[in-house]
Amino acid sequence: MRAEEISKPAEQLVEIKVEDLPKLPPPYENFEEQPITPLSDDQKSRWEHSLDGVSALNLPRPQNPEEEKALIESFLRGLGKLLTKENNWTFLQPLSLSLEYCAKCQTCADACPAFEMSGRKDIYRPTYRSDVLRKIAKKYLSKNGKILAAFRGHDIDLNWETIARLAELAYRCTLCRRCAQVCPVGVDNGLINHELRKIFSMEMGISALEVHDKGSVKQLQFGSSTGMTKAALHDIIEYLEDDIEEKIGRRISIPINKKGADILLIHNAGEFMAWPENPMAFAILFDAAGINYTIATDLAGYDGVNYGLWYDDVQFARVAIQHLQVAKELGVKKIVIGECGHAHKALSVIADRLLPGAQLIPRESSYTLLWDIVKSGKIKFDPSKNDFPVTLHDPCNIVRLMGVVKPQRDVLKAITAPGRFREMTPHGVTNYCCGGGSGFAIMSSGNFPDWKRLVSGRKKLSQILGAFQGEMDPSVRKMVCAPCSNCKGMIRDMMQSYEVFETTGIWYTGLVELMVNAMVDIEKPFITWPDEEEDM
Amino acid sequence: MPTLEIEGRTFEVDEDGFLQDPDLWNEEVAKLFAKTEGIQELTDEHWKVVHYLRNYYLEFNIAPMIRKVCKDTGFKLKKIYELFPSGPAKGACKVAGLPKPTGCV
């Protein structure tokens with residue numbers, strides 16, 4: 001499909017058909033896939049769906065030609081701003097280089113899980129949206145980002161269809177940046193997609209509800225995108241302390257707002273709500289290793305997520321500044337980021353790029369600290385306690401982007417029974433995304449969950465199944481270690497849709513849970529499997 | 001904004017059928033929303049969960065974590081699924097008039 005076709009009138013440009021999708025490995029090779037649920041007539045009348053019949057953004061149509069014209073102008077203004085230094089000093093250089101130097105060799109397409117797993121639909125090629133943007137910029141804008149009086153060449157039309165489809169298309173890429181990794185000239189189509197999202201949010205007020213209104217806005221208002229307040233967190237921490245006592249037979253105090261602690265530990269607040277074993281396991285390990293740390297309960301200091309990372313530089317900066325401020329006020333030596341990939345990228349790589357150096361304090365991944373704990377010998381681990389097949393998922397932001405590859409593997413090798421750990425193919429920096437990156441794990445409106453199930457999550461599910469081939473008997477329990485809240489959420493949803501545990505015995509958890517499960521001093525197993533409910 | 005009509009009453013709901021304005025909730029509303037979940041009659045056990053969720057939400061602005069619901073009501077997760085077939089988050093919270101959970105959960 002050519003770039004120009006994005007502006008053609010059509011009810012729907014492409015259709016995802018289950019028969020076009022690459023087959024999953026056994027025992028799912030003949031699995032009867034449920035197709036994407038068509039939007040209801042009511043939803044169709046309210047939401048744009050002319051890209052692929054899917055609505056992630058629930059975008060309303062303009063009501064009259066004036067409104068359409070205003071939206072087109074606003075889009076062009078936003079694109080113009082992206083291309084000028086005063087408005088986009090943050091990412092102008094990689095954006096311009098990526099727009100200028102793509103040789104259209106399509107090496108990136110083969111690396112893109114969304115393109116491959118969609119049955120190779122052209123519109124999902126990493127180059128497709130970039131090419132559309134490039135053509136719009138050439139036709140409508142001068143070199144310095146001004147809207148031209150007379151448009152030049154290029155038969156692409158910037159009409160409402162183009163804008164609506166581009167908006168949805170910006171949310172068909174998980175920003176995993178596998179495309180950028182394989183590009184022979186270093187073009188970053190993932191970054192171009194990120195910049196496209198910025199036009200929609202920062203200039204046009206268009207973003208995903210779960211990511212903006214119910215995400216970063218809520219985090220700035222309450223302290224967490226979950227809506228968790230300080231009072232709620234105090235209640236939760238007390239509960240965690242009770243629960244730890246029941247599980248390990250002794251009470252541990254979780255330090256809160258401890259001034260002058262060495263470390264501020266920031267979790268993704270979703271862990272407290274959906275996977276409380278994760279912050280519990282951190283508390284047990286840090287206590288046993290004698291680490292002088294604290295949890296913060298002041299605004300934004302207890303939720304490491306920063307959704308602005310995915311779509312809006314201003315929202316990003318607002319949250320990042322709060323994270324750093326909380327750390328400064330507590331006087332800690334460094335921030336340690338829990339098992340959350342986006343928090344890693346936001347608070348380390350992107351904060352370094354966007355915020356003045358004076359505001360920064362040292363930040364460290366929990367992965368490296370956890371390996372330091374193992375190496376220190378302060379905690380005794382019995383690897384035979386984790387005597388089941390284990391594989392490891394590499395969160396894109398921590399592994400491909402930041403290059404943290406070995407510590408989590410060294411930890412796993414030290415805490416799992418010999419021969420039980422196996423890699424996925426491929427893994428490390430060439431891993432595949434869980435399918436929930438860039439906000440997808442929490443975006444669930446309309447029929448977007450169906451798209452995630454069939455397309456973006458499909459590659460990782462294939463890899464997970466692939467790692468355990470030959471051992472698919474469901475009575476043999478097997479574990480995916482996924483040390484990232486977002487990835488866990490996506491993997492959980494995929495496992496539920498495909499009844500993976502019931503069918504194959506494969507389950508998922510984080511890294512710290514497996515570590516505590518192997519601790520010699522703790523009698524009862526820390527990990528629970530879905531078919532064994534604890535007595536509560 | 002979608003609306004949901006149950007037995008002649010109309011409610012504004014979000015795209016997933018959660019009550020838009022939590023202040024409109026009362027026991028009558030709970031009974032009506034229960035019907036959309038396929039629960040014909042709310043028993044004492046249902047009410048125990050519903051009131052627990054409701055009170056927690058009013059105090060803390062969020063739904064309680066599922067482990068805590070089980071612990072404080074004394075019901076195992078399996079039992080909660082028997083009471084509310086679509087589960088604690090989608091089923092029980094909806095009947096209790098809580099908004100849909102947000103964030104990385």
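Per chain, residues are indexed from 1 in the order of the written sequence. Labels follow written order: the first chain is A, the first ligand is 1, and so on. The predicted nature of this model means local features are confined to residues of pLDDT at least 70 and side-chain atom pairs, given and counted, to a pLDDT of 80 or more, with totals for whole chains, interfaces and linings taken over all residues. Only hydrogens and water are removed before side-chain values are computed, so all heavy atoms of the structure are retained for them.

## Quick notes on the overall build of chain A
Selection rule: Only DSSP runs of H or I with at least four residues qualify as helices, and only runs of E with at least two residues qualify as strands; both kinds are numbered from the N terminus onward. We compute the radius of gyration from the C-alpha atoms alone; for a globule the expected value is 2.2 Å times N to the 0.38, where N is the number of residues. Only protein chains enter the calculation, and the probe is 1.4 Å; a residue is then buried if its accessible area is under 20% of its type maximum, exposed if over 50%, and partly exposed in between. Contact between two residues is taken to exist if any of their heavy atoms lie within 4.5 Å; hydrogens are not considered. Positive: Lys, Arg. Negative: Asp, Glu. His and the chain ends are not part of the count. By convention, the charge on Lys lies at NZ, on Arg at CZ, on Asp at CG and on Glu at CD.
For chain A, the helix and strand inventory stands at 23 helices and eight strands. Taken against the 2.2 N^0.38 rule, which gives 24 Å for 536 residues, the C-alpha radius of gyration of chain A at 24 Å falls within 12% of a compact globule. Dimensions of chain A, computed from C-alpha atoms along their principal axes, come out at roughly 75 × 55 × 45 Å. When each of the 536 residues of chain A is scored for burial, the buried share is 62%. Considering only residue pairs separated by 6 or more positions, chain A has 78% of its internal contacts joining residues 24 or more positions apart. Taking the 64 positively charged and 71 negatively charged side chains of chain A as two groups, their mean positions are separated by 7 Å.

## Things to note about the sheet that holds strand β1 (residues 263-266) of chain A
Residue and element names in this part refer to chain A. For clarity, the cut-off: Strands are treated as partners if at least two bridges between them are detected by DSSP.
Reading across the sheet, the four strands line up as β2-β1-β3-β4 and stay open at both edges, with parallel pairing between neighbours. Strands at the two margins of the open sheet, each flanked by one partner only, are β2 (293-294) and β4 (363-365). Bridge count between β1 and β2: two bridges; the pairing is parallel. Opposite Leu-264, over in β2, you have Thr-294 as the bridge partner.

## Digging into the UniProt feature "active site" (unreviewed entry) in chain B
Rules: UniProt positions are given in the numbering used here, feature names are shortened, and annotations may be inferred rather than shown by experiment.
UniProt's feature table lists "active site" (unreviewed entry) at Cys-104 of chain B, given in the numbering used throughout. As for its position among the elements, Cys-104 of chain B is in the segment after α5 (87-95). Among the residues examined, Cys-104 of chain B registers a relative accessible area of 6% and is labelled buried. With sequence-adjacent residues up to four places away left out, Cys-104 of chain B is seen in contact with Ser-225, Asn-268, Gly-270, Trp-275, Val-305, Tyr-307 and Ile-442 of chain A.

## Topic: the nonpolar core
So the rule is basically this: In this text, buried Ala, Val, Leu, Ile, Met, Phe, Trp, Tyr and Cys residues form a nonpolar core when linked through side-chain atoms within 4.5 Å.
Ranked by size, the top nonpolar core spans 115 residues in total, and within it Phe-75, Ile-136 and Trp-451 of chain A carry the most contacts. Residues Leu-233 and Val-411 of chain A together with Ile-62 and Val-69 of chain B belong to the second largest nonpolar core, which totals 91 residues.

## Focus: the packing of helix α2 (residues 65-82) of chain A against helix α9 (residues 189-203) of chain A
Residue and element names in this part refer to chain A. The following threshold applies: Only the stretch in contact is used when fitting a helix axis, every axis being a line fitted to C-alpha atoms; angles between N-to-C directions are given from 0 to 180 degrees. Should an angle fall under 35 degrees it is called roughly parallel, over 145 degrees roughly antiparallel, and 65 to 115 degrees roughly perpendicular, with every other angle called oblique. Here a crossing is taken to be left-handed if its near helix is turned anticlockwise relative to the far helix by less than a right angle, and right-handed if that turn runs clockwise.
Axis separation between α2 and α9 bottoms out at 9 Å; the angle between their running directions is 125°. When the axes of α2 and α9 are compared, the pair comes out oblique. The chirality of how α2 crosses α9 is right-handed. Contacts from Ser-74, Phe-75, Arg-77, Gly-78, Leu-79, Lys-81 and Leu-82 of α2 reach α9 at Glu-195, Leu-196, Lys-198, Ile-199, Phe-200 and Glu-203.

## What about the domain arrangement of chain A?
All names here are of chain A. Rule in force here: As used throughout, domain bounds are those supplied by an automatic or database domain assignment. Each of two parts loses accessible area, computed with a 1.4 Å probe, when they are put together; buried area is these two losses added. Put simply, a salt bridge is a Lys or Arg side-chain nitrogen that is within 4 Å of an Asp or Glu carboxyl oxygen.
For chain A, the assigned domains read domain 1 (3-203), domain 2 (213-371) and domain 3 (379-535). Each of domain 2 and domain 3 was reduced to a C-alpha centroid, and the two centroids are 22 Å apart. At the interface, 30 residues of domain 2 touch 36 residues of domain 3. Approximately 3,000 Å² of surface area, both sides summed, lies buried where domain 2 meets domain 3, with 71% of it carried by carbon and sulfur atoms. When residues of domain 2 are sorted by the area they lose upon contact with domain 3, Lys-247, Trp-275 and Tyr-367 head the list and together hold 27% of the total. Run the count over domain 2 and domain 3 and you get one salt bridge. Here Glu-271 makes a salt bridge to Lys-488, at a shortest N to O gap of 2.9 Å. Within the residue set of the side of domain 2 that touches domain 3, elements represented by two or more residues are α11 (230-248), α12 (270-274), α13 (277-288), α15 (341-354) and α16 (366-376). At eight residues, α13 tops the list of elements feeding residues into the side of domain 2 that touches domain 3.

## Considerations on the interface of chain A and chain B
The figure often quoted for interface size is the accessible area lost as the parts come together. To keep things clear, this is the line we draw: Residue polarity is assigned by list, with Asp, Glu, Lys and Arg as charged and Ala, Val, Leu, Ile, Met, Phe, Trp, Tyr, Cys and Pro as nonpolar; anything else, Gly included, falls into the polar class.
Taken residue by residue, the interface counts 40 residues in chain A and 22 residues in chain B. When chain A packs against chain B, the two sides together hide about 2,700 Å² of surface, and 53% of this comes from carbon and sulfur. For the interface between chain A and chain B, the tally reads six salt bridges. Between Lys-68 of chain B and Asp-235 of chain A there is a salt bridge, with its nearest N and O atoms 3.6 Å apart. Those elements that provide at least two residues to the side of chain A that touches chain B are α1 (41-46), α10 (212-222), α11, α12 and α13 of chain A. When residues in the side of chain A that touches chain B are grouped by element, the largest group, 10 residues, is from α11 of chain A. Split by residue class, the side of chain A that touches chain B holds 18 nonpolar, nine polar and 13 charged.

## With respect to the sheet that holds strand β7 (residues 478-481) of chain A
Residue and element names in this part refer to chain A. Pairing within the open sheet is parallel, and its four strands lie in the order β6-β5-β7-β8. Each edge of the open sheet is held by one strand with a lone partner, namely β6 (421-422) and β8 (506-509). Across three bridges, the pairing between strand β5 (residues 390-392) and β7 is parallel. Its bridge partner being in β7, Thr-391 is matched across the sheet by Val-480. Helix-sheet contacts for helix α18 (residues 406-415) involve β5, β6 and β7, and the interaxial angle to β5 is about 175°. Against the sheet, helix α21 (residues 485-497) contacts β7 and β8, and its axis sits at roughly 160° relative to β8.

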